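The chain contents come next:
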Amino acid sequence: MLGIKDAHLPGLADLTQARLRVITGADAVDILRLRYRVGKRAILHIETHTGVTRNEGSLWFFSGDKAGRVARRNKKSARFDPQTQALFETFPDDHRMPQIRTFLDGFAGIIPDLTGHEANGRPQLLRYRPGLSCTFRCPLRDHPPAFVKLVNDDDPTRLSASNRVMQLALAGFGISVASALGVDLRIGAIAYEAARGNPLDTALAQASDLSALTQAISGLRSFWDARILSERQMGPDQLFMRARESAEFITATAPACAGAATDIVAKLEKGVPICALRPIHGDMKLEHLFLDGPRVTLIDTESVSMGLPDYDLAQLYGRLWQAEFEGHLSRQVAGEGSAMVRAAAGPHFDWCLGVVAVRLAKYYAQRPTPGMARSIMAILERLR
């Protein structure tokens, strides 16, 4: 499944399904996502299957004896594999995020202070990034569910303050952001209210026209014009660095696709834009835009930055084609929708689209499967 040659992380060289079964004790293992820094560490977010039982977990590879030391320190929750030098943990155990278990064990008592409402059942795991963050959908009594994020890679206080600034700046505009309900600094948590309406991906899949996309683009224009100042910068220099890092990742994990990715980066380097920056979402996905009548609501706004509006549009364009590639949208909807996005774009759209192409290619490079190289090349060919 994984065959990365790294002298400092030798366990990645021949990580077969058989070896994964030995490490985890499961009947079968799927790799959901790979994070990798050459010569330093690799983190595999995995899904294990034993009979009808499914669970998530993580495999950690470090240079030196760090994995062994962590396993010895966490004997009850971690397993060490001497052959690959891998540290295995089953969710919700995470040596870098012990607050996940704290949150789950004390859920009923934590939720009222965090959201202002009583819990009504158990939380549902939505997204787990080993060592970095974890998102839950939390049912509340006599109130719509809240979404709770436990974060190691950000500051809940900053996120809450930024959310309030955006709410004030967007008052009277045709777009809003899902409101933060509260924070719990003991566990690094922030809670958000549920956005009303349907996400854009659902609206596009169900509708016979593209009015939802027109509405979404109009809402984004309002967001770019709002008086929002963010400490985060996602300008051309930062975007180019992201593209270059993505190409390096592809080179390490999918060498057959390296040439196509590095060619795009070489073109990007020759034309880095020089322009004023405006507030952008920065992580624009179809499911991050909710439509409710005339209202548009943005969620997952932790990446809001000062940047290029064309980058938000390029991400929308790329996500439309990705949805078509994965069978979630028809080719007609993806084609007509991407033409609408391009018509709304500015002078830096094609440059931003090059960044998006390499970033989406990295998305597939992080998910090693037999068809990984084909998926990478399909995305690069559609977007380059």
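See above for the structure.
Because the structure is a prediction, the values reported are computed rather than measured. (Residues numbered from 1 in each chain as written. Predicted model: local features only at pLDDT ≥ 70, side-chain atom pairs only at ≥ 80, totals over all residues. Heavy atoms only, no water.)

J.: What is the right way to look at the state of the cysteines in this model?
T.: A covalent bond bridging the sulfur atoms of two cysteines is what the word disulfide describes. This model, assessed by the stated rule, comprises zero disulfides. Cys352 carries a free sulfur, and the closest cysteine sulfur to it, the one in Cys275, is 7.8 Å from it. (Disulfide = S-S within 2.5 Å.)

J.: Sorry, what's going on with helix H7 (residues 211-225) here?
T.: Given 3.6 residues per turn, any residue in an α-helix points the same way as the ones three and four places further on. The end-to-end C-alpha distance of H7, which contains 15 residues, comes to 22 Å, matching closely the 21 Å that a straight helix rising 1.5 Å per residue would cover. By the burial criterion, the buried members of H7 are Ala212, Leu213, Ala216, Ile217, Gly219, Leu220, Ser222, Phe223 and Trp224. (Helix = DSSP H or I, 4+ residues; strand = E, 2+ residues; numbered from the N terminus. Expected span 1.5 Å × (residues − 1). Buried < 20%, exposed > 50% of the residue type's maximum accessible area, 1.4 Å probe, protein only.)

J.: Honestly, the pairing of strand E6 (residues 124-129) in this entry has me stumped. Any pointers?
T.: Judged from the five bridges that link them, E6 and strand E7 (residues 133-140) form a sheet pairing that is antiparallel. Counterpart to Arg127 in the pairing with E7 is Thr135. A loop of three residues connects E6 with E7, the two strands running antiparallel in sequence, and Gly131 in this loop sits at a positive phi of about 80°. (Pairing = 2+ DSSP bridges.)

J.: Would you take a moment to explain the nonpolar core for this structure?
T.: Soluble globular proteins tend to pack their nonpolar side chains together in the buried interior. Leu200, Phe223 and Leu316 are the most contacted members of the largest nonpolar core, which has 90 residues in total. Setting aside residues no more than four positions away along its own chain, Leu316 makes contact with Leu200, Leu213, Ile217, Leu220, Met284, Leu286 and Leu289. Ranked by size, the runner-up nonpolar core spans 21 residues in total, among them Phe107, Ile110, Val148 and Leu150. (Core = buried A, V, L, I, M, F, W, Y, C linked by side-chain atoms within 4.5 Å. Contact = heavy atoms within 4.5 Å.)

J.: Whenever I open this one, the sheet that holds strand E11 (residues 189-193) confuses me. Can you help?
T.: Strands belonging to one sheet form pairs held by backbone hydrogen bonds; the direction of such a pair is parallel or antiparallel. Strand order in the open sheet made by the five strands is E6-E7-E8-E11-E10, with antiparallel pairing throughout. The strands lining the two open edges of the sheet, one partner per strand, are E6 and strand E10 (180-184). Direction aside, neighbouring strands of the sheet carry axes that sit 20° apart on average. Sitting on the sheet, helix H4 (residues 107-115) touches E7, strand E8 (143-151), E10 and E11, and the angle it makes with E10 is about 125°. (Axes fitted to C-alpha atoms, helices over the stretch in contact; angles between N-to-C directions.)

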